Amino acid sequence: MIETDILIIGAGPTGLFTVFEAGLLKLKCHLIDALPQPGGQCSELYPKKPIYDIPGFPEVLAGDLVDNLMEQIKPFQPGFTLGERAEDIEKLEDGTFIVTTNKGTKHHANAVAIAGGLGSFEPRKPQIEGIENYEDHGVAYMIKDPEAFRDKKVVIAGGGDSALDWSIFLANVAQKVTLVHRREEFRGALDSVEKVQELVTQNKINLITPAEVTDVKGSDKVESVTITIHDEAKRFQEIECDAFVPLFGLSPKLGPIANWGLEIEKNAIKVDNTLDYQTNIPGIYAIGDVNTYPGKLKLILCGFHEATLMCQSVYQRMNPNKKYVLKYTTVGGIDGFDGSRKEAEKAVIKKIGS
Ligand SMILES: Cc1cc2nc3c(=O)[nH]c(=O)nc-3n(C[C@H](O)[C@H](O)[C@H](O)COP(=O)(O)OP(=O)(O)OC[C@H]3O[C@@H](n4cnc5c(N)ncnc54)[C@H](O)[C@@H]3O)c2cc1C
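Here the structure is a predicted model, which is why all the values come from computation and not from measurement.

Draft legend 1. Expanded view of the pattern of salt bridges. Counted under the stated rule, the structure contains 14 salt bridges. Residue Glu238 is joined to Lys217 by a salt bridge in which the shortest nitrogen-to-oxygen separation is 3.2 Å. Within this pair, whereas Glu238 is found in strand β15 (residues 235-240), its partner Lys217 is found in strand β13 (residues 211-217), the two being separated by 21 residues in sequence. The class of Glu238 is partly exposed, set by a relative accessible area of 43%. Residue classification places Lys217 among the partly exposed positions, given a relative accessible area of 34%. Residue Lys270 pairs with Glu265 through a salt bridge whose shortest N-O separation is 3.7 Å. Residue classification places Glu265 among the partly exposed residues on the basis of a relative accessible area of 39%. One salt-bridge network, held together by shared partners, links Asp335, Arg341, Glu343 and Lys346.

Okay, here's the thing in structure tokens:
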């Protein structure tokens with residue numbers, strides 16, 4: 001059982017910044033995310049795009065914003081359960097919560113902050129009969145640990161950035177990489193398309209287009225795939241492989257959270273925006289893109305603001321008899337849970353001259 005003060009569901013920018021604000025109040029956080037890496041939409045959908053409306057940053061790449069947030073929260077040592085979806089919640093008699101993921105990992109927390117954005121990103125799966133029997137037995141819809149493919153024969157399907165980038169990366173890790181796409185054109189960053197072209201010329205990537213993987217075979221794990229080549233003859237090719245990775249993008253779904261008894265309006269969670277972004281269940285908050293209230297704007301800076309006020313409310317919930325006194329970080333500094341301390345230079349009393 002993972003123990004924490006605030007369990008944050010969703011490691012997008014809102015969830016990440018929550019760790020910082022909670023840390024200032026000496027509250028520990030743990031984050032769950034269905035994706036294998038933190039950053040939410042910023043990392044998954046537009047890491048190389050510049051954002052222009054983060055206060056104090058005239059321009060920042062979405063991926064760099066996530067890196068900066070990770071750096072900012074490091075002293076507060078957040079825990080992460082990545083690549084798992086929060087599935088069930090149970091409220092205990094003492095008002096605390098147990099949240100269980102789809103992989104069975106259990107988390108016990110005083111408060112739950114749902115920072116689930118548009119919902120958990122679910123992979124788009126190809127229409128191949130029986131493919132589910134090979135999931136986790138050679139079929140993967142996202143790559144969590146590229147080392148798992150070392151010296152393996154891998155077939156990747158897809159025509160976007162993920163398929164291009166992982167083909168490039170695995171070309172130096174796997175024994176053989178085959179990239180299959182139903183069109184001859186790829187939709188991705190120009191330098192990735194050019195790099196794949198170069199690796200194909202060097203025989204480091206086996207490119208098959210226009211084609212589709214139409215069957216997966218094997219006894220208890222993937223042993224081969226059938227590729228249908230969409231040329232005039234409509235040929236079939238059998239490729240021996242250890243892994244088949246269809247990378248057809250992700251679609252967001254509010255998913256299991258929709259069944260937690262929370263008030264939902266148009267696929268978003270209703271919260272009390274006059275106070276602390278608490279939902280209709282005391283102790284469960286919803287912040288960032290996932291919530292709704294009159295005048296709601298789905299912007300990163302709004303998520304940061306909501307996270308800040310929510311942490312104050314959790315502090316009061318956990319310390320009902322203590323009065324919180326706001327201290328500027330410029331005055332109070334930052335005491336990391338790792339023993340680090342950041343503080344502004346202190347004023348000195350010193351005589352000038354003799
Ligand atoms: C192309 C594009 C450009 C944008 N440009 C801007 C911009 O210029 N400025 C701006 O302010 N905003 C911009 N946005 C919007 C901005 O990205 C969002 O407002 C922001 O990402 C919301 O952050 P969040 O942390 O609330 O949610 P998200 O970033 O959506 O993160 C939510 C996370 O929760 C996870 N999750 C959800 N449910 C579960 C569950 N049950 N279990 C586990 N994990 C779960 C998801 O996997 C996801 O990682 C843009 C969005 C897009 C798509």
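The structure having been displayed, the exposition proceeds.
Draft legend 2. Representation of the pairing of strand β10 (residues 153-157) within the structure. Burial analysis of β10 places 4 of its 5 residues in the buried class, the great majority of the element. Bridge analysis of β10 against strand β11 (residues 176-180) gives 5 bridges, and the strand direction is parallel. If you follow Ile156 over to β11, its bridge partner there is Leu179. The β-α-β motif built from β10, the intervening helix α4 (residues 161-170) and the parallel element β11 has right-handed crossover chirality.

The rules behind these values
- Residues numbered from 1 in each chain as written.
- Predicted model: local features only at pLDDT ≥ 70, side-chain atom pairs only at ≥ 80, totals over all residues.
- Heavy atoms only, no water.
- Salt bridge = Lys/Arg side-chain N within 4 Å of Asp/Glu carboxyl O.
- Helix = DSSP H or I, 4+ residues; strand = E, 2+ residues; numbered from the N terminus.
- Buried < 20%, exposed > 50% of the residue type's maximum accessible area, 1.4 Å probe, protein only.
- Pairing = 2+ DSSP bridges.
- Right-handed = clockwise from strand over helix to strand, strands pointing away.

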